[in-house]
Structures are given as structure tokens and as C-alpha cells.
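Read off the chains here:
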Amino acid sequence: MKNFTRILTVVLAAGALQAFAQNYPVRPVRAIIAFPAGSATDIIGRVITQKVSELWGQTVVADNRGGAGGSIASALAAKSAPDGYTLIINSNAHAVNPSFYAKLPFDALKDFVDIMPLVGQPNVMVVGPGSRLRTFGGFLAETRANPGKINFAFAGLGSGTHLNSEKFKLDAKIDFTLVSYKGSADAITDVMGGRVDTYFSPISAGLPFIQAGKLRALAVTSAKRASQLPDVPTMAEAGVPKFEFILWFGLWGPTGIPAPIVSKIRKDFGTALADASVREKLLVLGNEVLVMNPAQFRKFVESQIADTARIFKAAGIKPQ
């Protein structure tokens, strides 16, 4: 009789939780965005959450909490109530920060439920219109013949463009001089002006200048060619086998959100990402929707954290 009562209690509790999840959300949901207004994370997050708000009939409040490479937002999200009413939209900074900072007030794996990936975009290696570097193969040949001679811009220590550059150095077994900039805008300006040789530009930042003939694209960093630049080879095609690097964005929540609610969030964000108008807005910005099941996304996040640690260690980058 006691066993029957215990089983009945569990069944009733599970049923109540499932019903609660079906009604979720009954009030506005806060989506913490890990970078400032106008950033790629912000723009992508707002395009998606606007559609989710329509689906839910509840406002998804975009709450920008930029600073410290997204770690301020992550700390806030990790300490939030695990009820599904606080989520966080972050970039691959989620996987960079564990190696970049010596001390974080959260654990990127233990303190978060990996809800789902959102989108990814490649970087595109660009040079100025008058550059002597005409092809990616030419770049490789000159760099190998003159180690350290070519200057390579990156948008701040620990950024995706920095990580991409260090990974390229390591995997291609080449050497060039890295030059730090405050952001993509400054780096692109100096590449166009010939003051620095090249840059791994996020495709969303570089595409308008490529289309206007102010930058020349040598290669993209994704595994397959970018739909916006179909004539530009991947780095793997052009001379660095198996090389791949994308800027990616995902959705997390604090550990402990009930599984039925996580499932509903995943389902409804997936519906938003499948919407034709949402996909078009994201594609214009250079983004492709990423599709992974929960286990695949978890494995992906773990692999990204491990690969970042490998790259930083090889580059001699000490935690800040």
C-alpha cells in the first residue's frame, strides 16, 4: 500500500508539472542578452524573441547586460530562479570565458542547462581592394615564406576573431603578427586602408563592404561555403584541411528548470527559428540556423570549451 501511495504521488506530481509546463509562460519572461545593444548577440536575440513573444502571447523582455565578455550576464543568469522565467542568450563567449578568466562566479557546465543552439555565422578572411594578397593560397605561401611579416587584425583579446586567429595559427602551423583593435569597425577600416593586411571579419560585419568592392574575401571559416558568398572557398578547400570556426549563439537557463518547461522552451524557440520571416532576417545578417538535439548541443558546448582551452594554452594566453 505504501509503494502504491508513493507511485501515485509521483504520477500526480508529474502530471501537475506537465500541466504547469503546458500553461507556461503565464507572465513575461526575461531573456538576458550577454552583450550590449547593437551587438550581434543583441540583434539575433531580439529577432528571435520577438517571434517567441507572439507565439506565447507573453512579452519576452530583452535585458542587455553587457560587460566582461558576457560573464556579467552569465553570473546573473546562473543565480536566477530555475523556473523558466529567466533565460540567457549568449555567443561562443560562453565557451571562451572559462579559459579567459581565472575566476568566474559560475561554472559554464554545471550552472546552466544547455537549452538549444540558435544560429551560427562564419568569419570571412578579408583584405583590402589593393592588397598584394590575391588568394588564400597566396596568403599561405607568403606567410610561410616570411613568418611574422603579415599583420593580422583581431577585435579584442578573447573575442571570437581573436580565438579564430589563434586557432588558424595553430592548425595551419604558420606565424603572423596579431594587431588588436577595439572592434570590427576599426579593424575593417584599417584593412580597407591598407594599414593592416587582413582580418577574420564576422560575415555580418564584412559582407556589405565585400559587396561594395571595398574588401576582397579570400576564404570563409565554416565547413561549407556561405550562402551569401557562394564563390568564396572554405579554408579547408583552400589549403587548411578540416579547419572550421564559426561564431555561434545559443540559449541557456539556470540549472534546475523542470524538464517539461525546458522542452516547451526548446519547442517554441524552434518554431520561431523555423518561421520564414525570422530565417530571412537572420540570413540577411549572415546567420544559418543551427539544429542539434539536447545531447548534441551539450556535447558541442563541452567540445568548444575544451578546444578554447587547447588554443589558449598553445598560444600562451594566461587567464585574466
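A brief look at the structure comes next. (Residues numbered from 1 in each chain as written. Predicted model: local features only at pLDDT ≥ 70, side-chain atom pairs only at ≥ 80, totals over all residues. Heavy atoms only, no water.)

**Here's the deal with the pattern of salt bridges**
No. 1: Enumeration according to the criterion identifies 19 salt bridges in this entry.
No. 2: Put simply, Arg46 and Asp42 hold a salt bridge, and the shortest N to O gap is 2.6 Å. In this pair, Arg46 and Asp42 are both assigned in helix H2 (residues 40-56), 4 residues apart and thus about one turn of the helix distant.
No. 3: In this structure, Asp268 and Lys267 form a salt bridge, with 3.8 Å as the shortest nitrogen-oxygen distance.
No. 4: Overall, the relative accessible area of 9% leaves Asp268 in the buried class.
No. 5: Given a relative accessible area of 58%, Lys267 falls into the exposed group. (Salt bridge = Lys/Arg side-chain N within 4 Å of Asp/Glu carboxyl O. Helix = DSSP H or I, 4+ residues; strand = E, 2+ residues; numbered from the N terminus. Buried < 20%, exposed > 50% of the residue type's maximum accessible area, 1.4 Å probe, protein only.)

**Overview of unusual backbone geometry**
No. 1: Look at the link from Tyr24 to Pro25: it is a cis peptide, with omega at -5°.
No. 2: Relative to the helices and strands, Pro25 is located in the loop between helix H1 (2-23) and strand E1 (29-33).
No. 3: Positive phi, normally seen in glycine, also occurs at Ala68, with a value near 55°.
No. 4: With respect to the helices and strands, Ala68 occurs in the loop between strand E2 (60-64) and helix H3 (71-78).

**Section: the nonpolar core**
No. 1: By size, the foremost hydrophobic cluster in this structure holds 55 residues, and its most contacted members are Ile48, Phe136, Phe139, Phe168, Leu251, Ile265 and Phe269.
No. 2: If near-sequence neighbours (up to four positions away) are discounted, Ile265 is found in contact with Tyr24, Trp56, Gly84, Leu87, Ile115 and Leu251. (Core = buried A, V, L, I, M, F, W, Y, C linked by side-chain atoms within 4.5 Å. Contact = heavy atoms within 4.5 Å.)

**Considerations on the packing of helix H6 (residues 160-172) against helix H12 (residues 294-315)**
No. 1: Running from amino to carboxyl end, H6 crosses H12 at an angle of 70°, the nearest separation of the two axes being 10 Å. As the angle between them shows, H6 and H12 are arranged roughly perpendicular. Residues Leu163, Glu166, Lys167, Leu170 and Asp171 of H6 touch H12, and the partners they reach there are Asp307, Thr308, Arg310, Ile311, Phe312, Ala314 and Ala315.
No. 2: Of the residues that constitute the contact of H6 with H12, the class distribution is 6 nonpolar, 1 polar and 5 charged. (Axes fitted to C-alpha atoms, helices over the stretch in contact; angles between N-to-C directions. Parallel < 35°, antiparallel > 145°, perpendicular 65-115°, else oblique. Nonpolar A, V, L, I, M, F, W, Y, C, P; charged D, E, K, R; others polar.)

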